[in-house]
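Summary of structural features
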Amino acid sequence: MRIRFTLNGRRVEVDAPPHITLLELLRNYLRTTGVKRGCETGECGACTILMDGKPVNSCLILAPMAEGAEIVTVEGLAEDGRLHPIQEAFIEENALQCGYCTPGFLITAKALLDRVPEPSVELIKDALTGNICRCGAYRMIISAVLRASEKMRTTSASQG
Ligand code: FES
Ligand code: FES
């Protein structure tokens, strides 16, 4: 069947079997491989994307459910060749080791900071509960989200 939606700001149309997951559609049909395949049972968060602004596990969503949606993956975070402040903050805080979980954490962090520009550590921990890092980089990840929050608030303040 034909599925149409917006992917990282671009309209896409793709023919795919209706029984595949959105994770498979993004990775195998649209080469959006920043979306990672982990458990495929909704437990690790590696496949997290934004669907109409909300973080969701793309492994739990059937591809046809994306019809008409706005999908954002890690590939859509950088703008005009510049990393997103959350990506910069992850680098500056060394918030990754193997990096496999990182796209999912970045997307979940973006959803949080879009909703709550200045979250507490408790709120960050709570928002990130669905994302698992097997390397155990949690302390640096939380520092990175705090740093990103500061960066994003400074940027929006300077833009008036
Ligand atoms: S691959 Fe989707 S939650 Fe683990
Ligand atoms: S950095 Fe390796 S799983 Fe998180």
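First things first, this report covers the structure right here in the doc. Being a predicted model, the structure only gives us computed values, none of them experimental. (Residues numbered from 1 in each chain as written. Chains lettered and ligands numbered in written order. Predicted model: local features only at pLDDT ≥ 70, side-chain atom pairs only at ≥ 80, totals over all residues. Heavy atoms only, no water.)

Here helix H3 (residues 102-115) is 14 residues long and its end C-alpha atoms lie 20 Å apart, about the 20 Å a rise of 1.5 Å per residue gives. Burial runs high along H3: 12 of the 14 residues are buried. Every buried residue of H3 is accounted for by Thr102, Pro103, Gly104, Phe105, Leu106, Ile107, Thr108, Ala109, Lys110, Ala111, Leu112 and Leu113. In this structure, the buried side of H3 is in contact with strand S3 (48-51), strand S4 (54-57), strand S5 (70-72), helix H2 (85-92), helix H4 (121-127) and helix H5 (138-158). (Helix = DSSP H or I, 4+ residues; strand = E, 2+ residues; numbered from the N terminus. Expected span 1.5 Å × (residues − 1). Buried < 20%, exposed > 50% of the residue type's maximum accessible area, 1.4 Å probe, protein only. Contact = heavy atoms within 4.5 Å.)

With that settled, the discussion passes to the packing of aromatic side chains. As enumerated under the stated definition, the model contains one aromatic pair in all. Between Phe105 and Tyr138 the ring centres are 6.3 Å apart and the planes differ by 70°, which places this aromatic pair in the edge-to-face class. Separated by 33 residues along the polypeptide, Phe105 in helix H3 and Tyr138 in helix H5 bring together distant segments of the chain. Under the relative-accessibility criterion, Phe105 is labelled buried at 1%. We classify Tyr138 as partly exposed; its relative accessible area is 37%. (Phe/Tyr/Trp six-rings, centres within 6.5 Å; stacked < 30°, edge-to-face > 60°.)

What follows deals with the side chain of Thr102. Here Thr102 shows up in helix H3. Relative accessible area serves as the criterion here: at 8%, Thr102 is assigned to the buried category. Among all residues touching Thr102, those that are not within four sequence positions of it are Phe90 and Leu96.

Spatially, the five strands line up as an open sheet ordered S2-S1-S5-S3-S4, and their pairing is mixed. The open sheet has two free edges, formed respectively by strand S2 (10-15) and S4, since each of these has just one partner strand. In this sheet, neighbouring strand axes are inclined to one another by 40° on average, regardless of whether the strands run parallel or antiparallel. As defined by bridge partners, S3 adjoins S4 across four bridges and the pair is classed as antiparallel. In the strand pairing of S4, Met51 is matched with Lys54. Contacts between helix H1 (residues 22-29) and the sheet are confined to strand S1 (2-7), S2, S3 and S5, with S1 contributing the most and set at about 80° to the helix. Against the sheet, H3 contacts S3, S4 and S5, and its axis sits at roughly 35° relative to S3. (Pairing = 2+ DSSP bridges. Axes fitted to C-alpha atoms, helices over the stretch in contact; angles between N-to-C directions.)

Glancing now at the nonpolar core. Counting residues in each nonpolar core, the largest one holds 25 residues, and the members touching the most others are Ile86, Phe90, Phe105, Ile141 and Val145. Contributing elements (two or more residues each) for this core: H2, H3 and H5. Excluding residues within four positions of it along the chain, Phe90 makes contact with Ala95, Leu96, Thr102, Phe105, Leu106, Ile141, Ala144 and Val145. Grouped together as the second largest cluster of nonpolar side chains are 21 residues, Phe5, Met51, Ile61 and Ala66 included. (Core = buried A, V, L, I, M, F, W, Y, C linked by side-chain atoms within 4.5 Å.)

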